[in-house]
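Descriptive structure summary
The residues making up each chain are set out below.
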Amino acid sequence: MPRAKGTKAAVDVAVDVLPKRRMRHVKTKEECRLGNETLEVWSVELPSKHAENILRVIKDNIPGQDSIDLQHLRRFARPKYMPARVLGQRDLVKEMHTVPRTWENATSSTVMQSPGSTKWDAADPAKKTAINTRTPTLYLLVCPAHCINLPELYDMLKKESPFTSASDSWAFPLEIKKVTVPRQPPTNPEQAVAWSAQYWPTFYRKTNPFGAHPATIAKAESDVKHPLIGNLGIEEGLALAEQAAEETTQQGYGVKTGCVIVERVNDKTQVIAAAGDARHKSMNPGETADSNTQSSTACSISGNPMCHAVMRAVGMVGRKRLRVASHPMAKTADRGEKALMKAGLNLDQRAHDAFFLDQPVNDFEEQFFRRDNLKPDGYLCLKLEVFLTHEPCVMCSMALVHSRVGRVFFRERMPRTGGLTAEVTSNDTGAAGLGYGLCWRKELNWQFMCWEYALEEPLKATTTTSPTTTPIEPAAARSALPVAPRGGGGGKKKKNKGGCFGRDRAAEKSSTLPSDPSSSTDEGNASGKTSCANPCVSSSASVHV
């Protein structure tokens, strides 16, 4: 089907001209915590023709050399692809005076004078001698440094050719280096290029061990960045959320935050619910709008947390589920309510409605709530899409996890109180640390993808501490959540039989590493977050959704 190009979706939403923004996929907590983890390994340089023999010796004599999965690193790498800090400074003068050796694929020749000539063959500049050639070498990633100590590694390699002298050959100089390498695989091509220039030649295998598969992320981004004609896109969805926030704010019910929940079935989108924040709406039906307006200027700790925009929207979806449910599902809900009453928990419907406020409070919310356009008998918000003006607080983030949403998009990040982001940053509430990252936690039995619709700005290069490459002398709990459909969508991993490294080959005839090692990284904006027990709204950075 054709996709919309600059056209509005079927929902009539006036999208204001705003600063240009771009979708930024929110990193998972594991990606932030483990993505920069490094490991020290042993490395040696050796002639290419001896690579297979040395590798065989390593596999036979170093137990546990493949105990850590390092398939994202090249086992062998040509010197031209190695970072400068690994290569070190070559002794060019020494190379100029290098004497040919039998292991250099060079045949020893005798310098002699041809009959009837006064010139020496070796002195002829047109002829290339073995002295002007240098043996092709490879760098071998031996094993993690904790698997074997330096003296043992030196003694083992010194007994093997080409590092041992013989009657017809000289020993190749054995220099063992301790190199810092990334322990986890890269999550994007740019990161692979950066690590190849900084640590060791690295593969990107088009996967993300810490979150959703890149292809799944790309598909989701395409759905909302380039929606089919008549569908809801990222701009329209956030504009609806902004309008929902504006409606309740004008009524004096709460802070200016909004939520819109959308269902996508067979590439068609429908708005299921829209809700604005109403934390300051009085639970007393006789209270006037003037008193609501006055209370909305107070600290949000005085408000009703159950009336955050996300909580209200999820509640509306629940009501619609019951309304459109088939007869067996409705009977099950009735039995549950009767069980509560039998236990002595009599339901005061009026108090319930005033406390949770999971029904429309204005015409804008009513127009979506009254439509019976929700697929019947589904699990609450299973795989629905959520558009938010602001990053939700921890309570609302867990509500999204429990309700099993599929995708979440928010416009404004909340560094102090947000519950979805996990990037390492610092702020005025404390030292640098990790955020909650509740959208994708392995401890929880549901994960969903999340994006920030951030302002587009030039990315700043991240300053990192240079890894160490030291030439060494030879003498030296699962969370208990309700039973519901499980998330994550991860299939079984295929076992790689090729060892723990990317390529166990003696010589690589070609390399696919990019020539430009430069890359840039996204800066995180969330950390040191406080819980929603103190939702002060003295500044825009402390509003809860």
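Residues numbered from 1 in each chain as written. Predicted model: local features only at pLDDT ≥ 70, side-chain atom pairs only at ≥ 80, totals over all residues. Heavy atoms only, no water.

1. Some points on the overall build of the protein chain
Counting secondary structure elements, the protein chain contains 14 helices and 13 strands. A total of 545 residues make up the protein chain; the buried ones form 44% of that total. Surface summary for the protein chain: the accessible area is close to 28,400 Å², and the carbon and sulfur share equals 53%. (Helix = DSSP H or I, 4+ residues; strand = E, 2+ residues; numbered from the N terminus. Buried < 20%, exposed > 50% of the residue type's maximum accessible area, 1.4 Å probe, protein only. Areas by Shrake-Rupley, 256 points an atom, 1.4 Å probe, with all protein chains shown as cover.)

2. Regarding the pattern of salt bridges
Inspection of the entire model under this criterion finds 19 salt bridges. Its salt-bridge partner being Asp 223, residue Arg 407 comes within 3.3 Å of it at the nearest N-O pair. Linking Arg 407 in strand β9 (residues 407-412) with Asp 223 in helix α7 (residues 214-225), this pair joins segments that are 184 residues apart in sequence. Each member of the pair, Arg 407 as well as Asp 223, carries the same accessibility label: buried. In this structure, Lys 256 and Glu 242 form a salt bridge, with 3.3 Å as the shortest nitrogen-oxygen distance. (Salt bridge = Lys/Arg side-chain N within 4 Å of Asp/Glu carboxyl O.)

3. With respect to the sheet that holds strand β7 (residues 268-276)
Read across the open sheet, the six strands follow the order β1-β12-β9-β8-β6-β7; overall the sheet is mixed. In this open sheet, the two edge strands, each paired with only one partner strand, are β1 (21-25) and β7. This sheet shows a mean twist of 20 degrees between the axes of neighbouring strands, independent of strand direction. Summarising the sheet, strand β6 (residues 258-265) and strand β8 (residues 385-390) pair through four bridges and their orientation is antiparallel. Opposite Val 262, over in β8, you have Glu 385 as the bridge partner. (Pairing = 2+ DSSP bridges. Axes fitted to C-alpha atoms, helices over the stretch in contact; angles between N-to-C directions.)

4. So, the nonpolar core
Core analysis: the largest hydrophobic core is formed by 60 residues, its most contacted members being Ile 261, Phe 387, Val 408 and Phe 448. Looking at which element gives the most residues to this core, the answer is helix α10 (residues 309-324), with eight residues. When residues no more than four places from it in sequence are discounted, the contact partners of Val 408 are Val 386, Leu 388, Leu 400, Leu 420, Phe 448, Met 449, Cys 450 and Trp 451. Membership of the second largest hydrophobic core comes to 25 residues, among which are Ile 54, Val 142, Leu 157 and Leu 174. (Core = buried A, V, L, I, M, F, W, Y, C linked by side-chain atoms within 4.5 Å. Contact = heavy atoms within 4.5 Å.)

5. Considering the side chain of Arg 279
Here Arg 279 lies in the loop between β7 and α9 (289-295). Of note is the side chain of Arg 279, whose polar atom sits 3.0 Å from the side chain of Asp 277. (Polar contact = N/O pair within 3.5 Å; in protein donor to acceptor, adjacent residues only side chain to side chain.)

6. Quick word on helix α2 (residues 51-61)
Of the positions making up α2, those classed as buried are Ala 51, Ile 54, Leu 55, Val 57 and Ile 58. Buried residues of α2, seen end-on, are gathered within an arc of 160 degrees and therefore sit on one face of the element. Here the buried face of α2 lies against β2 (38-47), β3 (76-77), β4 (137-144) and α5 (150-158). (Arc of directions from axis to C-beta.)

7. A look at unusual backbone geometry
It is generally the case that most residues other than glycine have a negative phi and that most peptide bonds are trans. The linkage connecting Ser 161 with the following residue, Pro 162, adopts the cis geometry, with an omega of 15 degrees. Within the secondary structure, Pro 162 is located in the loop between α5 and β5 (176-182). Non-glycine residue Leu 357 carries a positive phi angle of around 50 degrees. Its place among the elements puts Leu 357 in the loop between α12 (349-356) and α13 (363-369).

8. Some remarks on the pairing of β6
Most of β6 sits inside the fold, with seven of its eight residues counted as buried. In this structure, β6 lies alongside β7, joined through eight bridges in antiparallel fashion. The partner of Val 260 across the bridge, within β7, is Ala 274. Between β6 and β7, which pair antiparallel in sequence order, lie two residues; one of them, Asn 266, sits at a positive phi of approximately 50 degrees.

9. Topic: the confidence of the model for the protein chain
Averaged over every residue, the pLDDT of the protein chain is 74; the share at 70 or more is 63%. Between the elements of the protein chain, mean pLDDT differs from a low of 39, seen in helix α4 (residues 92-96), to a high of 97, seen in β8. Residue range residues 293-301 is modelled with pLDDT below 50. Its contacts to residues more than four positions away, or to other chains, number 19 contacts. Contacts of residues 459-486 to residues separated by more than four positions or lying in other chains number 63 contacts, the stretch itself having pLDDT below 50. (pLDDT = per-residue confidence, 0-100.)

10. Some details on the packing of aromatic side chains
Within the structure shown, the criterion is met by five aromatic pairs. Seen in terms of ring centroids, Phe 409 and Trp 451 are 5.1 Å apart; in terms of plane orientation they differ by 15 degrees. Their pairing is stacked. Taken together, the positions of Phe 409 in strand β9 and Trp 451 in strand β12 (residues 449-455) put the pair 42 residues apart, joining distant regions of the chain. Feature note: the residues Phe 387, Phe 409 and Trp 451 constitute an aromatic cluster, connected by ring pairs. The ring of Phe 203 has Arg 205 lying over it, and the distance from NZ or CZ to the ring centre is 4.9 Å. In this structure, Arg 323 packs its charged tip against the face of Phe 369, placed 4.9 Å from the ring centre. (Phe/Tyr/Trp six-rings, centres within 6.5 Å; stacked < 30°, edge-to-face > 60°. Lys NZ or Arg CZ within 6 Å of the ring centre and 35° of its normal.)

11. Quick word on helix α6 (residues 189-198)
The α-helix advances 3.6 residues per turn, and as a result positions three or four apart in sequence lie on the same side. When you tally the buried positions in α6, you get seven out of ten residues, the bulk of the element. Inspection of α6 places Gln 191, Ala 192, Val 193, Ala 194, Trp 195, Ser 196 and Gln 198 among the buried residues, and these make up the whole buried set. On its buried side, α6 packs onto α3 (84-87) and β5. A side-chain oxygen of the first residue of α6 lies 3.3 Å from the backbone nitrogen of Glu 190; this N-cap is Asn 188.

12. Overview of the state of the cysteines
Applying the stated criterion to the full structure yields zero disulfides. Unpaired in terms of disulfides, Cys 32 finds its nearest cysteine sulfur in Cys 439, a separation of 9.5 Å. A relative accessible area of 13% means that Cys 32 is categorised as buried. (Disulfide = S-S within 2.5 Å.)

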